[in-house]
Amino acid sequence: AVAVLITGLAIYVSRGVLDEIITGAGAVRVAMLPPWPALGAFLAIGALGLLWLDRRAVPRGTATAVRPPLGPLVLPLFGLLLLILPYLPVLPDRMPALQMLAGPLRGVVWLVVLTQFAWVLWQARLVRAEWVQRWSVRRVSLAIAVATVIVSGGAAAKFTRTVLYPGGDEPHYLVMAQSLWRDADLKIENNHTRGDYHAYFALPLDPHYLTRGADGEIYSIHPIGMPVIMAPVYAAGGYSAVVAATVIIAAFAAALMWLAMVGITNAVGAATFAWAAVVFTTPFLYNSFAVYPEITAALAVVVAYTRATTPTSSLRTWLLVGASCAALPWLSTKYAPMSAALVAVAFARVWFADGPGRVTNAAAVVVPYGVSLLAWFGFFYAVWGIPLPQAPYGDLVQTDLKNLVFGAPGLLFDQEYGLLSYAPVYILAATGLWAMWRQGGELRRRAVEILVVFAALLGTVGAFRIWWGGSASPGRPLVSGLLLLALPIAVAFRTAPAGSARRAAHHLLLWISIGVTGILFLAQDGFLISNGRDGTSSLLEYLSPRWPAWTMAPSFIYHDAPTGLMRVGIWLVIAVAAAIMLSRARSQKPGVASATAIAALTASLLAAVLVVPRLPVSPAWPVIDVRARARTPLLDEFDAASRPLAIEYAPLRWQRAADLPQRAVLGVEPGQRTQPQPIRVIHNGRFSLPAGRYRLDVDWAGDRGDESLALQAGRTGNPWLTWRVAPRTGQRWSTEFNAPMDLSFVGLRGSAELERAIGRITLTPLAVVDVTRRPKLPTVLAASQSGSASVFYFDVNASPEELGFWVSGGRTARVAIERPDSSAPLTLRVHSGAIANRLHIATFGWAQSVTLQPKLPDVIEIPAGSRRLVVLDLSTDRAFVPSATDPTSTDDRQLGAWIEVVKE
């Protein structure tokens with residue numbers, strides 16, 4: 001009964017929204033909740049679940065079977081109490097960290113609790129999957145590969161061809177591959193400004209990573225291994241084919257490692273757990289489709305480590321091991337020490353074991369590797385005149401063993417880029433290595449091998465000054481060695497007794513890690529994957545907008561190494577204490593074991609919240625100014641229909657949710673926000689506004705003459721709305737505007753002199769559209785005025801100008817046009833510049849293609865009915881470059897057609 005009550009209340013509050021509003025007395029906690037009948041419905045859902053569980057508990061098969069008591073089975077559901085805590089009076093105000101549980105983190109809580117509940121039912125044999133257990137190892141390995149492709153491919157489909165991917169150094173690898181298949185050389189020249197690469201991405205190469213070779217030509221400093229492998233793939237299918245090939249390589253490597261783990265541990269379940277711990281978590285997943293050498297190197301590492309099993313292996317196998325090791329330096333210089341470690345491991349396996357042909361097998365490993373190294377050094381000499389791998393980098397060489405003090409622990413524990421910060425399940429690799437050492441024999445040898453190989457990688461990348469890998473997702477420098485850590489994770493899982501608290505804790509760590517991966521996948525269009533290298537985690541900032549959660553986690557960027565290591569030490573002490581507690585739990589009931597694991601995790605996090613933020617730091621952590629926040633959950637999730645009830649906690653009283661938005665005021669003052677924005681806005685005042693109507697107030701702190709004040713919507717392009725203002729000290733200027741859709745980037749623009757005359761900017765919601773009634777559209781990248789209409793742009797395939805916009809040739813642009821008068825027809829004036837072209841226009845329920853003649857405008861009437869907001873998809877068959885047709889033009893854009901809204 002208590003479990004039913006907790007579950008119903010947890011569902012109820014999970015449908016609510018918790019936030020803070022600013023009053024004269026400071027920040028006050030408020031909540032919007034569903035109507036009371038919904039609580040009864042959610043309690044009924046919990047009761048139905050209990051009836052289902054009662055029916056499943058009925059003994060089947062034999063008359064002697066014992067019916068398990070329901071009480072221990074439902075104990076994991078008590079973990080849902082965590083979701084109710086943020087909505088209690090007083091306590092969440094005294095301990096603000098609890099408010100995190102009412103935000104996106106609640107999804108992780110639900111995931112963890114429900115998977116724990118499923119694990120308990122599995123251990124109690126109330127839920128089984130005999131059809132999976134009947135599969136052969138080969139069939140399961142195929143399923144492992146397919147699942148890897150589906151998960152990695154899904155992430156690739158969502159994030160590639162966005163501002164996230166390709167990004168960083170990916171353009172360099174693509175341009176090198178393009179140069180190889182087009183010009184049969186590695187010279188960069190102008191390959192990055194022509195052809196399909198430019199047509200796809202229009203991304204410039206960072207000149208800092210271009211260098212001049214001994215022959216005077218321009219080369220990229222990046223390694224050539226992956227471009228050589230991917231050149232034919234890129235020639236055959238472009239960027240999409242390279243991404244697909246990378247995903248397949250990741251799947252093949254994961255399946256090979258899974259097969260090796262099954263052979264070593266003789267435990268399919270443990271191997272599958274370890275595979276999921278690597279493949280389904282952030283560090284591996286969000287690099288599994290990136291155009292970097294990490295995944296290709298991961299395959300080489302797995303092949304080198306798993307194929308050399310016994311001295312009696314065939315000569316072909318040992319040659320494959322040698323070739324895999326030989327490929328690693330070509331993929332990246334940072335892999336050279338790891339390749340040497342793998343060669344040493346393979347050589348030791350052959351040389352120090354009894355068996356025929358050990359000299360031949362050892363030579364099969366060493367000779368290809370040695371030949372490859374000679375060719376590798378020769379390549380540097382041929383191109384740069386120096387036979388050393390640091391030759392391309394010149395003054396950019398930043399490798400120093402002193403950097404290991406912060407680089408190595410940073411790669412493991414840093415809150416922005418650390419492995420364990422995004423996937424705590426990797427802590428099992430440490431416990432697994434210890435278990436392998438204690439068991440002795442072959443497992444001890446393999447533990448030493450994994451330590452040597454992974455330490456070679458960690459030491460090399462950790463010695464680099466930019467140890468995080470530049471513009472990268474978390475953990476990228478270590479991705480090539482992560483599959484090796486799957487083996488100790490599998491051993492740790494196998495060592496924990498089935499149904500024990502330790503085994504339940506392992507599942508907790510796995511699903512927390514997968515939950516974090518899901519947040520990165522779903523939140524803010526994936527922008528949380530990429531951090532700003534400012535020392536504070538974007539993920540923690542997102543999870544805790546009102547409490548500085550980043551003060552709990554170590555940073556090896558914001559602080560020096562001793563400060564970061566002190567925080568790491570506290571976390572490790574807490575983890576050891578939790579492990580001791582779990583190891584002493586002796587209950588044989590899975591429900592009790594699960595509840596113990598959840599309690600240990602909760603106690604550990606509570607201890608960290610109470611201790612770690614109080615440790616001395618210099619410089620001090622950045623603080624949260626609730627008055628200057630860019631967005632609020634109250635506005636983002638406002639829905640007076642589905643959440644009509646509201647609670648204000650100081651003083652404690654009920655009220656209507658519809659009255660809250662007007663009190664959720666956003667604002668910014670000089671100096672409140674120091675982080676720069678993608679485009680310059682006054683006082684760095686970037687806001688995220690849901691669809692609705694707003695009042696803009698500007699308090700003047702100085703006198704100026706007549707000036708232009710503009711409203712920017714979207715992180716690119718020119719301003720959306722412009723007003724003429726005359727600042728006078730002590731006065732306030734106000735206006736109102738309508739946001740027809742969610743605008744994730746809104747800010748004011750003006751001259752530097754005008755910025756100095758602004759004392760405060762305030763945005764007050766006058767009316768906010770319910771979240772269920774807002775237009776479901778992509779993120780607005782830019783906005784402009786055309787005639788009397790507003791035009792909003794969702795991609796880079798349209799170029800806004802003063803009166804209208806250009807559609808890029810050969811690509812589809814999606815725009816939304818808001819009309820001030822929905823009774824008049826929507827009329828467009830179009831032309832195709834200097835060439836004949838064919839324009840395709842589509843909107844809901846209507847499409848038309850128009851043939852355009854050179855320099856002759858045409859008028860098109862769109863059947864928009866009474867809709868004020870009209871979404872159009874626009875594309876052309878051809879493209880032209882203005883500078884190629886007009887000698888006086890310097891415009892190098894690939895244009896298709898001009899679109900302009902005719903004034904109503």
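Since we're looking at a predicted model, the values are computed, not measured. (Residues numbered from 1 in each chain as written. Predicted model: local features only at pLDDT ≥ 70, side-chain atom pairs only at ≥ 80, totals over all residues. Heavy atoms only, no water.)

1. Re the overall build of the protein
And then number 1: Looking only at helices and strands, the protein features 29 helices and 25 strands.
And then number 2: Taking the principal axes of its C-alpha atoms as reference, the protein extends roughly 90 × 75 × 55 Å.
And then number 3: Split into buried and exposed, the 904 residues of the protein put 53% on the buried side.
And then number 4: Split by element, the accessible area of the protein, about 37,900 Å² in all, is 62% carbon and sulfur. (Helix = DSSP H or I, 4+ residues; strand = E, 2+ residues; numbered from the N terminus. Buried < 20%, exposed > 50% of the residue type's maximum accessible area, 1.4 Å probe, protein only. Areas by Shrake-Rupley, 256 points an atom, 1.4 Å probe, with all protein chains shown as cover.)

2. Observations concerning empty space enclosed by the protein
And then number 1: Within the structure shown, the criterion is met by 2 cavities of 30 Å³ or more.
And then number 2: Its volume calculated, the largest cavity comes out at about 150 Å³.
And then number 3: In terms of lining residues, the largest cavity is bounded by 19 residues, among which His222, Pro223, Ile224, Phe379 and Trp384 are the most central.
And then number 4: When residues of the lining of the largest cavity are traced back to their parent elements, those giving at least two are strand S4 (218–220), helix H15 (315–331) and helix H17 (358–384).
And then number 5: Of all the elements, H17 adds the most residues to the lining of the largest cavity, at 4 residues.
And then number 6: Each residue belonging to the lining of the largest cavity can be placed in one class, and the counts come to 16 nonpolar, 3 polar and no charged.
And then number 7: Estimates place the volume of the second largest cavity at around 30 Å³.
And then number 8: For the lining of the second largest cavity, the secondary-structure elements that each account for two or more residues are strand S13 (743–749) and strand S14 (758–768). (1 Å grid on protein atoms, 1.4 Å probe; cavity = no way out; pocket = protein on both sides within 12 Å on 5 of 7 lines; lining within 4 Å. Points joined across faces, edges and corners; volume = space filled by probe spheres on them. Nonpolar A, V, L, I, M, F, W, Y, C, P; charged D, E, K, R; others polar.)

3. Comments concerning helix H2 (residues 36–56)
And then number 1: Taking 1.5 Å per residue as the helical rise, H2 with its 21 residues ought to reach 30 Å, and the 31 Å between its terminal C-alpha atoms agrees with that figure.
And then number 2: In this structure, the buried residues of H2 make contact with helix H1 (2–14), helix H3 (70–73) and helix H6 (105–123). (Expected span 1.5 Å × (residues − 1). Contact = heavy atoms within 4.5 Å.)

4. With respect to the pattern of salt bridges
For side chains of opposite charge, pairing can occur when their charged atoms come near one another.
And then number 1: If you walk through the whole model with that rule in mind, you get 29 salt bridges.
And then number 2: Here Arg774 and Asp742 are joined by a salt bridge, their closest N and O atoms 3.9 Å apart. Of this pair, Arg774 sits in the loop between S14 and strand S15 (782–786) while Asp742 sits in the loop between strand S12 (732–739) and S13, and the two are 32 residues apart along the sequence.
And then number 3: Residue Arg774 is classed as buried on the basis of its relative accessible area, which comes to 4%.
And then number 4: For Asp742, a relative accessible area of 36% puts it in the partly exposed group.
And then number 5: Each of Arg349, Glu442, Arg445, Arg446 and Glu449 takes part in a single network of salt bridges with overlapping partners. (Salt bridge = Lys/Arg side-chain N within 4 Å of Asp/Glu carboxyl O.)

5. A word on the environment of Asn361
And then number 1: Mapped onto the elements, Asn361 comes out in helix H17.
And then number 2: Asn361 sits 14 residues away from Phe347 along the chain, and the two C-alpha atoms are 8.5 Å apart.

6. Here we look at the sheet that holds S15
And then number 1: Read across the sheet, 6 strands follow the order S15-S16-S19-S24-S21-S22 without closing on themselves; strand pairing throughout is antiparallel. Of all the strands in the sheet, just S15 and strand S22 (846–852) have a single pairing partner and so form its edges. Going across the sheet, the axis of each strand differs from the next one's by a mean of 25°, ignoring polarity.
And then number 2: Pairing of strand S19 (residues 813–818) with strand S24 (residues 869–876) involves 6 bridges; the strand directions are antiparallel. Bridging across to S24, Glu818 finds its partner in Leu869. (Pairing = 2+ DSSP bridges. Axes fitted to C-alpha atoms, helices over the stretch in contact; angles between N-to-C directions.)

7. Comments concerning the sheet that holds S14
And then number 1: What the 4 strands build is an open sheet, ordered S7-S14-S9-S12; its pairing is antiparallel. Two strands lie at the open edges of the sheet, namely strand S7 (666–668) and S12, each paired on one side alone. Between one strand axis and the next, the sheet turns by 15° as a mean value, whatever way the strands run.

8. A short note on the packing of helix H20 (residues 427–439) against helix H21 (residues 441–462)
And then number 1: Two numbers describe how H20 lies on H21: the axes approach to 6 Å, and their chain directions differ by 140°. Taken together, the axes of H20 and H21 are oblique relative to one another. Once H20 is placed against H21, the crossing between them reads as left-handed. Residues Leu433, Met436, Trp437, Arg438 and Gln439 of H20 form the contact with H21, whose own contacting residues are Gly441, Leu443, Arg444, Arg446, Ala447, Val448, Ile450 and Leu451.
And then number 2: Residue composition of the contact of H20 with H21, by class: 8 nonpolar, 2 polar and 3 charged. (Parallel < 35°, antiparallel > 145°, perpendicular 65-115°, else oblique. Left-handed = near helix turned anticlockwise from the far one by under 90°.)

9. Concerning the pairing of strand S18 (residues 805–808)
Regular strands show a simple pattern: their side chains alternate between the two faces of the sheet.
And then number 1: Burial along S18 is two-sided: the face carrying Phe805 and Val807 and the face carrying Trp806 and Ser808 are both buried.
And then number 2: Inspection of the sheet shows strand S17 (residues 798–800) paired to S18 by 3 bridges, in the antiparallel sense. Residue Pro800 lies in a different strand from S18, and its bridge partner there is Phe805.
And then number 3: In textbook terms, the turn of a hairpin is the stretch between consecutive antiparallel strands, and for S17 and S18 this stretch comprises 4 residues.
And then number 4: Direction of pairing for S18 relative to strand S25 (residues 895–901): antiparallel, over a ladder of 4 bridges. Paired with Phe805 across the bridge in S25 is Ile899.

10. Considerations on the side chain of Glu900
And then number 1: Structurally, the position occupied by Glu900 is in strand S25.
And then number 2: Of the polar contacts made by the side chain of Glu900, one reaches the side chain of Trp898; its length is 3.3 Å.
And then number 3: Sequence-distant contacts of Glu900, that is, excluding residues within four places in its chain, are made with Ser786, Leu803, Gly804, Thr827, Leu828 and Arg829. (Polar contact = N/O pair within 3.5 Å; in protein donor to acceptor, adjacent residues only side chain to side chain.)

11. Comments concerning the confidence of the model for the protein
And then number 1: When pLDDT is averaged along the protein, the result is 90; 96% of the residues meet or exceed 70.
And then number 2: Here helix H10 (residues 195–201) stands out as the least confident element of the protein, with mean pLDDT 43; helix H22 (residues 479–495) is the most confident, with 97.
And then number 3: Contacts of residues 191–202 to residues separated by more than four positions or lying in other chains number 33 contacts, the stretch itself having pLDDT below 50. (pLDDT = per-residue confidence, 0-100.)

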